[in-house]
Amino acid sequence: MSNRSETLFAEANEHLVGGVNSAVRAFRAVGGTPVFIQRGEGAWVEDVDGKRYVDYVLSYGPLAIGHAHPAVVAAIAETAASGTSFGAPTEKETALAQLVKSLMPSIERIRMVNSGTEACMSAVRLARGYTGRDRVIKFRGNYHGHVDALLVEAGSGVLTLGIPGSPGVPAAVTETTLTAPFNDLDGVAALFAEYSNDIAAVLVEPVAGNMNCVPARQDFLEGLRKLCDEHGALLVFDEVMSGFRASLGGAQAHYNVMPDLTCLGKVIGGGLPVGALGGRAEIMDYLAPTGPVYQAGTLSGNPLAMASGIATLTELAKPGVHAAAAAWTERLLAGLKARADAAGVPLLTHQAGTMFGVFFTDAPSIERFEQVEQCNAERFVKFFHGMLAEGVYLAPSAFEAGFVSTAHDEAALAHTLDAAERVFASLTV
Ligand SMILES: *Cc1c(COP(=O)(O)O)cnc(C)c1O
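- Per an unreviewed UniProt entry, the recorded name for the protein chain is Glutamate-1-semialdehyde 2,1-aminomutase, and the organism is Spiribacter salilacus.
- UniProt, in its Sequence similarities (unreviewed entry) section for the protein chain, records the words "Belongs to the class-III pyridoxal-phosphate-dependent aminotransferase family. HemL subfamily."

Here's what the structure looks like:
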């Protein structure tokens, strides 16, 4: 492990809570010292000791075209030279909205915000305001940012840290949050039967990416659409992670199931802080200033963030670009699976476009959170540290998805698979 990272982490702990600004980065689930990164280029990151890693974290999803893509760097630099924020409309906000609409079939109107959390928070408020109802349904192991009302049986850092919900969230705030198992339509139907006229929305990650990577079943999403229509509730897809990844048009295009509202984040900002809420115009126009539901943001639609998002999505939307990255992801998983098999390590893999998950289990399939919890956690920790030592950077938690960018090439694939072969072999001794 890098000496300089240890020194820097000790110093960071004096000044930052736990030495980090987002909990999962602290390596608590895997032990050891987080690696301090000094630069990234394409598919690779370099730590403060100059060691290089193939990066499958990609800032937890945003970097769909890799680190420091020349088009993104140029767009940010050019924009910054003309001023960084105005608190007035700029053309770039409309341009990014048009680009998103051209890719995501269900979106007619957009509100830009600054994070995925903000998008989900606003989605809940808008759904409640629009329907005049209070209750929302979410799924066990799905994560919608650190929104008070949605920090119930949430995934990601909340799972990694083993915090059931969180202190500081009053019971009164989560009283109206109903939960059901992911991929279990009967569970949702039972909640609708009991609370039919009081359910404002169903929030779902159509490809769950905060309980490892677990795609929804087709019939589950179709069933949610039908139940929402029957009961006058809104269907909200949280595509903060799956957006522009599960397919170019997100999970909604992949499954051909249209939500009423879509939460976006991560890729839409290409590495700068952006989130967005989009959906049917009739519902979106319920937001201020056209509607009564209040929502605002000093830096929302920030020019640098818009420029980064436009450059990223423009590159990603070029013919064949997303498909090539998805095909690369498929080869990665096939290669990992073959090497795990050869080493006698039971492994299950999931793919949704450029998102993936690997599970240390001999279960034939994984569809729910409880099944993710039953995977071999000890083996994941060994795999994680083994790969890190070999120069492959994976998320430090078995509950995170992995990500591929358009910059992942033959060299990155060979490096990863050679590393995996050695690490898998070490797991069974
Ligand atoms: C990351 C994530 C969020 C939260 O986004 P932030 O930008 O971290 O606030 C919400 N929903 C999903 C599905 C996510 O993956």
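1. Observations regarding the sheet that holds strand β13 (residues 348-352)
Logical step 1: The three strands lie next to each other as β13-β14-β16, forming an open sheet whose pairing is antiparallel. Both edges of this open sheet fall to β13 and β16 (402-403), since each of them pairs with a single strand only.
Logical step 2: Taken together, the five bridges between β13 and strand β14 (residues 355-359) define a ladder with antiparallel strand orientation. Among the inter-strand pairings, Thr 349 is bridged to a residue of β14, identified as Val 358.
Logical step 3: Packed on one face of the sheet, helix α12 (residues 321-343) meets β13 and β14 and runs near 10° to β14.

2. Some words on the domain arrangement of the protein chain
Logical step 1: Per the domain assignment, the segments making up the protein chain are domain 1 (3-68 + 319-427) and domain 2 (70-316).
Logical step 2: On a C-alpha basis, the centres of domain 1 and domain 2 stand 25 Å from each other.
Logical step 3: Listed by partner, the interface residues are 38 residues for domain 1 and 38 residues for domain 2.
Logical step 4: In this assembly, domain 1 and domain 2 are joined by two salt bridges.
Logical step 5: A salt bridge links Arg 217 to Glu 367, with the nearest nitrogen and oxygen atoms 3.0 Å apart.
Logical step 6: Linking domain 1 to domain 2 there are 14 residue pairs in polar contact (both at pLDDT 80 or more).
Logical step 7: The set of elements that each furnish at least two residues to the side of domain 1 that touches domain 2 consists of α12, β13, β14 and α13 (369-373).
Logical step 8: By residue number, the principal contributor to the side of domain 1 that touches domain 2 is β14, which donates five residues.
Logical step 9: Counted by class, the side of domain 1 that touches domain 2 contains 24 nonpolar, nine polar and five charged residues.

3. Considerations on the pattern of salt bridges
Logical step 1: Applying the stated rule across the entire model yields 16 salt bridges.
Logical step 2: A salt bridge links Glu 41 to Arg 39, with the nearest nitrogen and oxygen atoms 3.8 Å apart.
Logical step 3: By relative accessible area, Arg 39 is classed as partly exposed at 42%.
Logical step 4: One salt bridge in this structure joins Arg 140 and Glu 370, with 3.2 Å as the shortest N-O distance. Here Arg 140, found in the loop between β5 (135-139) and α5 (156-160), pairs with Glu 370, found in helix α13; they are 230 residues apart in sequence, far enough to count as distant.

4. Section: the sheet that holds strand β3 (residues 52-55)
Logical step 1: Pairing is mixed in the open sheet, where four strands are placed in the order β1-β2-β3-β15. Here the strands that pair on one side only, and so sit at the sheet edges, are β1 (37-41) and β15 (392-393).
Logical step 2: Where strand β2 (residues 44-47) and β3 come together, three bridges link them in antiparallel fashion. The residue of β3 that forms the bridge with Trp 44 is Val 54.

5. Quick look at the site of the ligand
Logical step 1: Around the ligand, the structure places Ser 115, Gly 116, Thr 117, Tyr 143, His 144, Gly 145, Glu 205, Asn 210, Asp 238, Val 240, Met 241 and Lys 266.
Logical step 2: In this structure, an oxygen atom belonging to the ligand sits 2.5 Å away from a side-chain N or O atom of Thr 117.
Logical step 3: Here Asp 238 contributes a side-chain N or O atom positioned 2.7 Å from a nitrogen atom of the ligand.
Logical step 4: Coverage of the ligand by the protein chains reaches 83% of its 380 Å² of free accessible surface.
Logical step 5: By residue class, the composition of the shell around the ligand is three nonpolar, six polar and three charged.

6. Points about unusual backbone geometry
Logical step 1: Along the chain, Ala 288 connects to Pro 289 via a cis peptide bond; the corresponding omega equals 10°.
Logical step 2: Along the chain, the position of Pro 289 falls in the loop between α10 (281-284) and α11 (303-316).
Logical step 3: The phi torsion at Ala 68 lies on the positive side, around 50°, for a residue other than glycine.
Logical step 4: Position of Ala 68 among the secondary structure elements: in the loop between β3 and α2 (70-80).
Logical step 5: The phi dihedral of Asn 183 falls on the positive side, at around 65°, and the residue is not glycine.
Logical step 6: Relative to the assigned elements, Asn 183 resides in the loop between β6 (177-180) and α7 (185-195).

Reading the values: the criteria
- Along every chain, residues carry numbers that run from 1 in the direction the sequence is written.
- The model is predicted, so local features are restricted to residues of pLDDT at least 70 and side-chain atom pairs to those at 80 or more, both for listing and for counting; the totals for chains, interfaces and linings are taken over all residues.
- Only hydrogens and water are set aside when side-chain values are computed; all heavy atoms of the structure are taken into account.
- UniProt positions are given in the numbering used here, feature names are shortened, and annotations may be inferred rather than shown by experiment.
- DSSP bridges decide pairing: two strands pair if at least two such bridges lie between them.
- Under the scheme used here, helices are H or I runs from DSSP no shorter than 4 residues and strands are E runs no shorter than 2 residues, and both carry numbers assigned from the N terminus.
- Note on contacts: a residue pair is in contact if any heavy atoms of the two residues lie within 4.5 Å.
- Fitted lines through C-alpha atoms serve as axes, helices being fitted only where they are in contact, and the angles separating the N-to-C directions of these axes extend from 0 to 180 degrees.
- Source of the domain bounds: an automatic or database domain assignment.
- By salt bridge we mean one thing: a side-chain nitrogen of Lys or Arg within 4 Å of a carboxyl oxygen of Asp or Glu.
- The term polar contact refers here to a pair of N or O atoms within 3.5 Å; inside protein, the definition further demands a hydrogen-donor-capable atom paired with an acceptor-capable atom, and it admits residues adjacent in sequence only when both atoms are side-chain atoms.
- Residue polarity follows a fixed list, in which Ala, Val, Leu, Ile, Met, Phe, Trp, Tyr, Cys and Pro are nonpolar, Asp, Glu, Lys and Arg are charged, and the others, Gly among them, are polar.
- Burial classes: relative accessible area under 20% of the type maximum marks a residue as buried, over 50% as exposed, and values in between as partly exposed (1.4 Å probe, protein chains only).
- We call a residue near a given molecule or strand whenever any one of its heavy atoms falls within 4 Å of it.
- Using a 1.4 Å probe, accessible areas were evaluated by the Shrake-Rupley method; residue-level cover was limited to the displayed protein chains.

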